[in-house]
Amino acid sequence: MAHRLAEIRGGLPPRRHNARTVAALTGNPGCTRRAVLDGAGVDKPRLAERIGFPARFGQSRFAITRGNAFEAQVKAGGGVELLRLVAERLGVPVPATASWTDLGGDADRPERSRTALTAAGEEAALFDHPLLGLDVAGRRVHLEPDLVAARLAGRFHVVEIKSFPVIDGQADPAKVSAAAIQSAVYVLALRELLAAGGRDPELVSHEVVLVCPRDFTNRPVASLLDVRRQLLVLRRQLDRMDRLDDLLATVPAGFTADVTADPATLTAALADVPARYAPECLASCELAYFCRREARDQTAALGRSVREALGGVAGIGEVLALAAGERTPEPGQAEAAALLRAAARLRADALAGNPR
């Protein structure tokens, strides 16, 4: 299989995953195209540019700088304020003392992180930027949470520090959701690290502590995220990628995503691997604009709720014909056809000004 994946990449080295890209895998688990490209380690940003549909998302330099400054502020002074925030949010007494271990740097970080975390004693401890690992499609991915708080309330807690604000107790739901998925990646990796060291993986709590600025200030506020659902989705998707050979069996033998290939060749090759486009892909997949163009005449382009409500009716042309009664529904389309005809009647009455 490794040889086939190398052929798909064109012999280029595989692109490394990180917590953000692993988290993004959960966004559209039914997309074969994405699973194959990510499993092969294809550089999707370069691929999207090569075929003329560059990605339009990502963090700005300003956002990265602001995030780094806020994280440094929260961790200042050995994390005293951070420890207080985490303990109070967990509803436990603030420890009188807590050890602080800086696991940054490049020298043997995975081993130092493994030793420090598996040897954590009974007293409270904070581990700054440990380096964890997770297997994704047969390759080891290195992951770096902002912080791990150990032995608070008897468990380990992943602490994620984000620079988006919490205003009047509310934060941007999309950003909170993204933080929850990314944190679930860290929880899973930390559980696997403890299990490999002979410790109970359930010592790692499914409740993640999210630290953000309060209102329009830089004062930090902590909240809890329950990531159990995200863990289930993540585990399913990783298991699916581990079965990449099953997916490759459905991919044409000559399929290539070599970013040095001719754009027309790449476009034709991608068309041979089924995608599962949804508007939500625009926020997390580099190929989303290409897939949107490809799905412009399909119900999928209108969103997952529409696609699911019209199960079995893939084309917008089919939808319009069924709504107008110009087409006999196929087996399995009767319910969707009835809904469409009813919607068409209501629309016609509304346009004609007829009360209902």
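Now for a look at the structure at hand.

Cut-offs used in this document
Residues numbered from 1 in each chain as written. Predicted model: local features only at pLDDT ≥ 70, side-chain atom pairs only at ≥ 80, totals over all residues. Heavy atoms only, no water. Helix = DSSP H or I, 4+ residues; strand = E, 2+ residues; numbered from the N terminus. Buried < 20%, exposed > 50% of the residue type's maximum accessible area, 1.4 Å probe, protein only. Contact = heavy atoms within 4.5 Å. Areas by Shrake-Rupley, 256 points an atom, 1.4 Å probe, with all protein chains shown as cover. Lys, Arg positive; Asp, Glu negative; His and termini not counted. Charge placed at Lys NZ, Arg CZ, Asp CG, Glu CD. Phe/Tyr/Trp six-rings, centres within 6.5 Å; stacked < 30°, edge-to-face > 60°. Core = buried A, V, L, I, M, F, W, Y, C linked by side-chain atoms within 4.5 Å. 1 Å grid on protein atoms, 1.4 Å probe; cavity = no way out; pocket = protein on both sides within 12 Å on 5 of 7 lines; lining within 4 Å. Points joined across faces, edges and corners; volume = space filled by probe spheres on them. Nonpolar A, V, L, I, M, F, W, Y, C, P; charged D, E, K, R; others polar. Pairing = 2+ DSSP bridges. Right-handed = clockwise from strand over helix to strand, strands pointing away. Axes fitted to C-alpha atoms, helices over the stretch in contact; angles between N-to-C directions. Parallel < 35°, antiparallel > 145°, perpendicular 65-115°, else oblique.

## What about the overall build of the chain?
Here's step 1: Counting its regular elements, the chain contains 15 helices and eight strands.
Here's step 2: With the C-alpha coordinates of the chain rotated into their principal frame, the extents come out at 75 × 60 × 40 Å.
Here's step 3: Within the chain, buried positions represent 45% of all 356 residues.
Here's step 4: Partitioning the contacts of the chain with sequence separation of at least 6, the portion at a separation of at least 24 is 63%.
Here's step 5: Carbon and sulfur atoms provide 53% of the accessible area of the chain, an area that totals close to 17,800 Å².
Here's step 6: Within the chain, one finds 46 positive and 43 negative side-chain charges whose respective centroids are separated by 3 Å.

## What to know about helix α7 (residues 109–118)
Here's step 1: Every buried residue belonging to α7 is among R109, S113, A116, L117 and T118, and all of these are buried.
Here's step 2: Residues of α7 that are buried in the fold lie against β2 (125–128), β3 (132–136), β5 (147–152), β6 (155–161) and α8 (173–196).

## A closer look at unusual backbone geometry
Here's step 1: In this structure, H129 is a non-glycine residue whose phi angle is positive, near 50 degrees.
Here's step 2: Relative to the elements of secondary structure, H129 occurs in the loop between β2 and β3.
Here's step 3: Although it is not a glycine, D168 adopts a positive phi angle of roughly 55 degrees.
Here's step 4: If you trace the backbone, D168 turns up in the loop between β6 and α8.
Here's step 5: Judged by relative accessible area, which is 70%, D168 ranks as exposed.

## With respect to the packing of aromatic side chains
Here's step 1: As enumerated under the stated definition, the model contains one aromatic pair in all.
Here's step 2: Ring centres 5.6 Å apart and planes at 70 degrees place the aromatic pair F53 and F290 in the edge-to-face group. Placement of the pair is F53 in the loop between α4 (44–50) and α5 (61–75) and F290 in helix α12 (residues 288–294), with a sequence separation of 237 residues. Residues F53 and F290 agree in their burial class; the two are buried.

## Description of the nonpolar core
Here's step 1: L143 and F156 are the most contacted members of the largest nonpolar core, which totals 42 residues.
Here's step 2: It is α8 that contributes the most residues to this core, 11 residues altogether.
Here's step 3: Every residue in contact with L143, bar those within four places of it in the chain, is listed here: N18, A19, P130, L131, L132, L134, V185, Y186 and A189.
Here's step 4: In terms of nonpolar packing, the next biggest core, distinct from the first, is built from 33 residues, L5, V42, L244 and L270 among them.

## A look at empty space enclosed by the protein
Here's step 1: Counted under the stated rule, the structure contains one cavity of 30 Å³ or more.
Here's step 2: In this structure, the largest cavity occupies an estimated 100 Å³ of space.
Here's step 3: Lining the largest cavity are 13 residues; nearest its centre among them are C31, R34, C281, C285 and C291.
Here's step 4: The set of elements that each furnish at least two residues to the lining of the largest cavity consists of α3 (32–40) and α12.
Here's step 5: For the lining of the largest cavity, the per-class residue count stands at nine nonpolar, one polar and three charged.

## Brief notes about the pairing of β6
Two faces, one strand: in a regular strand the side chains alternate between the faces of the sheet.
Here's step 1: Here β6 lies mainly inside the structure; six of its seven residues are buried.
Here's step 2: Looking at chain direction, β5 and β6 are connected through four bridges and run antiparallel. Bridging from a neighbouring strand, A149 pairs with H157 of β6.
Here's step 3: Counted along the chain from β5 to the antiparallel partner β6, the turn is two residues long, and its residue A153 has a positive phi close to 60 degrees.
Here's step 4: As paired elements, β6 and strand β7 (residues 207–213) share three bridges and run parallel to each other. Residue E160 lies in a different strand from β7, and its bridge partner there is L210.
Here's step 5: Chirality of the crossover, the property in question, places the unit of β6, α8 and β7 among those that are right-handed.

## Some details on the sheet that holds β7
Here's step 1: Read from one edge of the open sheet, six strands run β1-β2-β5-β6-β7-β8, paired in mixed fashion. Two strands in the sheet have a free side with no partner beyond their single neighbour: β1 (99–102) and β8 (220–226). Sheet twist, expressed as the mean angle between neighbouring strand axes with direction ignored, is 25 degrees.
Here's step 2: Of the strand pairs in this sheet, β2 and β5 are connected by four bridges, and their pairing is antiparallel. Looking at the pairing, D128 lines up with L147 of β5.
Here's step 3: In this fold helix α6 (residues 80–90) packs onto β2, β5, β6, β7 and β8, with an angle of close to 45 degrees to the strand it touches most, β8.
Here's step 4: α8 contacts β5, β6, β7 and β8 of the sheet and is inclined by roughly 145 degrees relative to β6.

## What to know about the packing of helix α1 (residues 2–9) against α3
Here's step 1: Two elements in contact, α1 and α3, have axes whose closest approach is 9 Å; the angle formed by their N-to-C orientations is 100 degrees. Classified by the interaxial angle, the pair formed by α1 and α3 is roughly perpendicular. Facing α1, whose interface residues are L5, I8 and R9, α3 presents V36, G39 and A40.
Here's step 2: In terms of residue class, the contact of α1 with α3 is made up of four nonpolar, one polar and one charged.

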